[in-house]
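Structural overview
The chain contents come next:
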Amino acid sequence: MSSQLATQSSSYNTAFRALLEKTGNAEPSWLRRMREDSFAHFERVGFPSVKEEEWKYTNVAPIAKLQFVPAFANGQPGGNGFGAFVYDEARRSRLVFVNGMLRRELSSVEALPAGVSVIDIGEALAKGPNETSLRESLERAAKSESGFTALNTALFSSGAFVFIPAGVSVAAPIHLQFISESSHGAAAASFPRVLVVAAENSAATIVESYASPGESVYLTNAIVEVRLGAGAHVQHFKVQRESTSAFHVATTDAELGANARYDATTINMGAALSRHTIDVTMDHEGAECWVDGLYMVDANQHTDTHSMIDHRQPHCTSHQLYKGILDGKSRAVFNGKVFVRHGAQLTNAQQTNKNLLLSNEAQVNTKPQLEIFADDVKCAHGAAVGQLEADEIFYLESRGIRPEPARNLLTYGFAEEVIEKIKIDSIRRELDQAVLNRLHTTL
Amino acid sequence: MLEIRNLYASVDGNEILKGINLKVNKGEVHAIMGPNGSGKSTLAKVLAGHPSYEVTRGEVLFEGKNLLELSPDVRAREGVFMAFQYPIEVPGVSNAQFLRLAYNEKQKHLGQEELDPLEFKDLLKEKAKIVEMEASFMTRSVNEGFSGGEKKRNEILQMAVLDPKLSVLDETDSGLDIDALRIVAEGVNKLHDPNKAVILVTHYQRLLNYITPDFVHVLSAGRIVKEGGKELALELEEKGYDWLKNGSVAAGAK
Ligand SMILES: Nc1ncnc2c1ncn2[C@@H]1O[C@H](COP(=O)(O)OP(=O)(O)O)[C@@H](O)[C@H]1O
Ligand SMILES: [Mg+2]
């Protein structure tokens, strides 16, 4: 452990000093202090260990061992020709980040209505009006004990600030695209930071995607916060298709105003190791959330989802459907907490986690966890791990479909139940194809 | 076309079929009737090759070939079709995707041309008319959220697309209102021709008002206990099944 710490601190210490030098006095002084505190915290706690309950099944030692170089410390991030990752619907409403740095020439926000801000977080910090909400958000996250969060706060140098004014509905999906690729032998590390503020009665769709043109080793350590005002409606689609050698550690944190609605669908297909922490807090009456996801892993991939849905006030509704498809020697962890706090009467909370094992060597640890401190509530949860249903296979075979295509079609259907929640055609098409490719089949 | 000889089958160690003999020729329509639990669905599933059912004795020849040694998918591609009493829901897979895959598997098997999604859409549109199904059913997940009657119509749509030689329809009439029953029955009649055969498994005589059987067989406790022409169905309607339950086993196969 101590030698790991030494490696971590030398690698990240250099990066941290370089960042402070680069930003100089351009950043507000409170941010500089916060970064210093966070880095000191990270040096103290390091990366989480499997002795911690929340990290019991996910060993991040491989991340700790690697020498990462944050992109800004590594000069100009390379790479062009990322056209393949463009979603047509968001061609003029997207920010593209390469190794964590905004690439203006690849980005366009022309399709966004006046008053809507989709800007680099650095720019938002430099200009007055958004500083307060950003500061609040950063300060809150800085209270976290997590080493990953501290590292992000210390090292983030780019990311997005999205602001939807009250009453405004944005038709075009706002796409935040994170592309990573390591070059020159050093593993790239990026620390995306995103804050989405959807004011009262606004509506928007956020697409957050992670992709790589290659199969290199790199680290993404992202924090995304979404704040919904009263009556706001945000759809949030996260598509994680990192390189299968990469590490992806991310937090999504949503807070819902009264009668707000948050629909999140997360697809995890990439990365050697991925960990997604998704927390949704409903601290105002009448809020509703859908927190759905699909993880599909193969070979030696490891994926971990920790979700927390917190019902703090009455009359809130949460729906959660997480599905997993595991092949090869892959591992998945699903830990889904649903809290219904004291006084959160008339809560309706439904949670389901279903896993499909395509190989004998794949393994899932699933733990749905419902904790109810109110008495007038409607809650249900369940988890299942298994194979395809024999009756479904027979039904397809009885129509002349050979056993293997029958299994593939059923597996595709299993994934589709989550993928079809993403209401953007080009993303759905991409994911359908990705699922079929994983199954080595066509339709 | 089909010859069943002294067929015994069991499920989970329970013997359900106890010596079935049945011969079906091209162009014929046979009805298999009988009380609940007599083994009608078991017989249908054994013909389709359901893996839970074990054949312990006897043989089944389909066009001279040993049907029992073929896997379920091969049986289907060779032209055996069973409409399920309880059709299975397949979430996430659209009716069109499912049917095109099944259709193309058969075409491949027969060395005939496969269809791309657009070409298949045209074919499906024509076939859907036979059971008066709307286009919206083609993009919906297979049977998911379908009413009982819609599921049964969907079974006949599959039959129309796959164009089998032998169709075994297991209680396709149950759960249908009178309009749906007429649509399904007319569909089956339209699809029938002198080169094909149909086995209608039914509990009630109602369906036989629309589809006239050439032969009626009554199954009780895993045996065929009575056989006759279409008038036997009317007799059963009148008298019920009780008088047959302890009756003598029909003499031999036809
Ligand atoms: N999986 C099974 N396990 C045990 N018994 C079964 C199973 N399936 C059917 N049976 C029994 O077999 C008998 C015949 O069932 P079935 O063929 O469905 O009758 P029918 O279709 O004529 O109503 C019934 O007694 C039923 O309970
Ligand atoms: Mg039956």
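Scoring rules and cut-offs
Once a new chain begins, its residue numbering starts again from 1 and follows that chain's sequence as written. By the order in which they are written, chains take letters starting at A while ligands take numbers starting at 1. Only residues with pLDDT of at least 70 are given local features in this predicted model, and only at 80 or more are side-chain atom pairs given and counted; all residues enter the totals for whole chains, interfaces and linings. As a convention, hydrogens and water are excluded, and side-chain values are obtained from all of the structure's heavy atoms. Here a helix means four or more residues in a row that DSSP labels H or I, a strand means two or more in a row labelled E, and each is numbered from the N terminus. A radius of gyration in this sense is built from C-alpha atoms; the matching globule rule multiplies 2.2 Å by the number of residues raised to 0.38. Pairs of residues are marked as contacts when any of their non-hydrogen atoms sit within 4.5 Å. Areas reported as accessible are Shrake-Rupley estimates using a 1.4 Å probe. Residue values count occlusion only from the protein chains shown. Note that His is not counted, nor are the chain ends; the positive residues are Lys and Arg, and the negative ones are Asp and Glu. Here the site of a charge means NZ on Lys, CZ on Arg, CG on Asp, or CD on Glu. For any pair of parts, buried area is found by adding up, for both, the accessible area (1.4 Å probe) each one loses once the two are put together. Should a side-chain nitrogen of Lys or Arg be within 4 Å of a carboxyl oxygen of Asp or Glu, the pair is scored as a salt bridge. Listed donors are limited to N, O and S atoms within 2.8 Å of the metal, widened to 3.2 Å for Na, K and Ca; water is not among them, so incomplete-looking sites are possible. Exposed residues in this analysis have more than 50% of their type's maximum accessible area, buried residues have under 20%, and partly exposed residues fall in between, with area computed by a 1.4 Å probe over protein chains only. Within this scheme, the nonpolar core is defined by two criteria: the residues are buried Ala, Val, Leu, Ile, Met, Phe, Trp, Tyr or Cys, and they are joined through side-chain atoms within 4.5 Å. Domain start and stop positions are those given by an automatic or database domain assignment. Between any two strands, pairing holds if DSSP finds at least two bridges. For each residue, the test is whether any non-hydrogen atom lies within 4 Å of the molecule or strand; if one does, the residue is near. Between N or O atoms, a polar contact is any pair within 3.5 Å; within protein, one atom must be a potential hydrogen donor and the other a potential acceptor, and residues adjacent in sequence are included only when both atoms are from side chains. Axis definition: a line fitted to C-alpha atoms, limited for helices to the stretch in contact. Angles are taken between N-to-C directions and run from 0 to 180 degrees. Confidence of the prediction at every residue is given by pLDDT, a number between 0 and 100. Any angle between 65 and 115 degrees counts as roughly perpendicular, while under 35 counts as roughly parallel, over 145 as roughly antiparallel, and the rest as oblique. Crossings are assigned a handedness: left-handed for a near helix turned anticlockwise from the far helix by less than a right angle, right-handed for a clockwise turn. Side-chain classes are defined by residue name, with Ala, Val, Leu, Ile, Met, Phe, Trp, Tyr, Cys and Pro counting as nonpolar, Asp, Glu, Lys and Arg as charged, and the others, Gly among them, as polar.

A closer look at the overall build of chain A
- Looking only at helices and strands, one finds 9 helices and 21 strands in chain A.
- Whereas a compact globule of 443 residues would reach a radius of gyration of roughly 22 Å, chain A reaches 21 Å, a difference of no more than 12%.
- Reported as C-alpha extents along the three principal axes, the dimensions of chain A are approximately 70 × 50 × 45 Å.
- Put simply, of all contacts in chain A between residues at least 6 apart along the chain, 83% involve residues at least 24 apart.
- Carbon and sulfur atoms form 48% of the exposed surface of chain A, whose accessible area is close to 16,900 Å².
- When the 41 positive and 51 negative side-chain charges of chain A are each reduced to one mean point, those points stand 3 Å apart.

Regarding the interface of chain B and chain A
- The interface of chain B with chain A comprises 31 residues on the first partner and 21 residues on the second.
- Three residues stand out in chain B for area buried against chain A, namely B:Ile88, B:Phe98 and B:Leu101, and they jointly supply 21% of the buried area on that side.
- Linking chain B with chain A are 2 salt bridges.
- Put simply, A:Arg399 and B:Glu155 hold a salt bridge, and the shortest N to O gap is 2.7 Å.

Regarding the coordination of the magnesium ion (ligand 2)
Residues and elements named next belong to chain B.
- Protein ligation of the magnesium ion (ligand 2) involves Ser41 (OG) and Gln85 (OE1), the donor distances falling in the range 2.1 to 2.3 Å. With Ser41 in helix 1 (residues 40–48) and Gln85 in the loop between strand 6 (80–83) and strand 7 (90–94), this pair connects stretches of sequence that are 44 residues apart. You'll find Ser41 and Gln85 in the same group, each marked buried.

Some thoughts on the nonpolar core
- With 114 residues, the main nonpolar core has A:Leu396, B:Leu2, B:Ile4, B:Phe98, B:Leu157 and B:Ile199 as its most contacted residues.
- Domain assignment of the residues forming this core places at least three in each of domain 1 (70–388) and domain 2 (389–443) of chain A.
- Of all hydrophobic cores here, the second largest spans 53 residues; its members include A:Ile174, A:Ala198, A:Leu228 and A:Tyr322.

Quick look at the pairing of strand 19 (residues 348–357) of chain A
Residues and elements named next belong to chain A.
- Both strand 17 (residues 317–326) and strand 19 contribute to a ladder of 10 bridges, which runs parallel. Its bridge partner being in strand 19, His319 is matched across the sheet by Gln350.
- Bridging between strand 19 and strand 21 (residues 378–386) involves 9 bridges; their strand directions are parallel. By the bridge assignment, Asn355 is partnered in strand 21 with Val385.

Brief notes about the site of ligand 1
Residue and element names in this part refer to chain B.
- Within the structure, ligand 1 sits among 13 residues, and Ile16, Gly37, Lys40, Ser41 and Thr42 are positioned closest to it.
- Taking Gly37, its main chain carries an N or O atom lying 2.8 Å from an oxygen atom of ligand 1.
- Contacts to ligand 1 include Lys40, whose backbone N or O atom sits 2.9 Å from an oxygen atom.
- Taken by itself ligand 1 offers 560 Å² of open surface, and the protein chains cover 63% of this.
- Secondary-structure elements contributing two or more residues to the shell around ligand 1 are strand 2 (14–24) and helix 1.

Remarks on unusual backbone geometry
- Positive phi outside glycine occurs at A:Asn201, with the angle close to 55°.
- The residue A:Asn201 is located in the loop between strand 8 (193–198) and strand 9 (203–211) in this model.

Topic: the sheet that holds strand 2 (residues 94–98) of chain A
All names here are of chain A.
- Pairing in this open sheet of 10 strands is mixed, and the strands run 3-2-6-9-11-13-15-17-19-21 from one edge to the other. Pairing within the sheet leaves two strands with one partner each, and these edge strands are strand 3 (101–102) and strand 21.
- By the bridge criterion, 2 bridges tie strand 2 to strand 3 in an arrangement that is antiparallel. The partner of Val98 across the bridge, within strand 3, is Met101.
- Against the sheet, helix 8 (residues 403–419) touches strand 13 (261–268), strand 15 (288–297), strand 17 and strand 19, its axis set at about 150° to strand 17.
- Packed onto the sheet, helix 9 (residues 425–438) meets strand 9, strand 11 (233–241), strand 13 and strand 15 and runs at close to 30° relative to strand 11.

Regarding the pattern of salt bridges
All names here are of chain A.
- Taken as a whole and judged by the stated rule, the model has 33 salt bridges over all chains.
- Salt-bridge contacts for Asp253 lead to Arg140; the nearest nitrogen and oxygen are separated by 3.1 Å. Taken as a pair, Asp253 in strand 12 (residues 247–256) and Arg140 in helix 5 (residues 131–142) lie far apart in primary sequence, 113 residues in all.
- You can call Asp253 buried: its relative accessible area is 12%.

Examining the sheet that holds strand 4 (residues 53–62) of chain B
Residues and elements named next belong to chain B.
- Pairing within the open sheet is antiparallel, and its 4 strands lie in the order 2-1-4-5. Every interior strand has two partners, whereas the edge strands, strand 2 and strand 5 (65–66), have only one.
- Here strand 1 (residues 2–11) runs beside strand 2; their pairing, made up of 8 bridges, is antiparallel. Across the sheet, residue Val11 finds its bridge partner in strand 2, namely Asn14.
- Across the sheet, helix 1 lies against strand 1, strand 2 and strand 4, angled at about 110° from strand 1, the strand it touches most.

A short note on the pairing of strand 14 (residues 273–282) of chain A
All names here are of chain A.
- Within strand 14, 9 of the 10 residues are buried, which leaves the element mostly enclosed by the surrounding structure.
- Relative to strand 14, strand 12 is paired through 10 bridges, and the arrangement is parallel. What sits directly across from Ala250, in strand 14, is His276.
- Where strand 14 and strand 16 (residues 302–311) come together, 10 bridges link them in parallel fashion.

Focus: the confidence of the model for chain A
- Per-residue confidence for chain A gives a mean pLDDT of 91; residues scoring 70 or more make up 94%.
- Taken together, the stretch residues 1–6 of chain A has pLDDT below 50 and engages in 5 contacts with residues farther than four places along the chain or on a different chain.

Examining the packing of helix 4 (residues 117–130) of chain B against helix 6 (residues 148–162) of chain B
Residues and elements named next belong to chain B.
- Interhelical geometry of helix 4 versus helix 6 gives an angle of 125° and a closest axis separation of 9 Å. With respect to helix 6, the axis of helix 4 lies oblique. With respect to the hand of their crossing, helix 4 and helix 6 are arranged in right-handed fashion. For the pair helix 4 and helix 6, the contacting residues are Phe120, Leu123, Leu124, Lys127, Ala128 and Ile130 in the first and Leu157, Ala160 and Val161 in the second.
- Of the residues contributing to the contact of helix 4 with helix 6, the split by class is 8 nonpolar, no polar and 1 charged.

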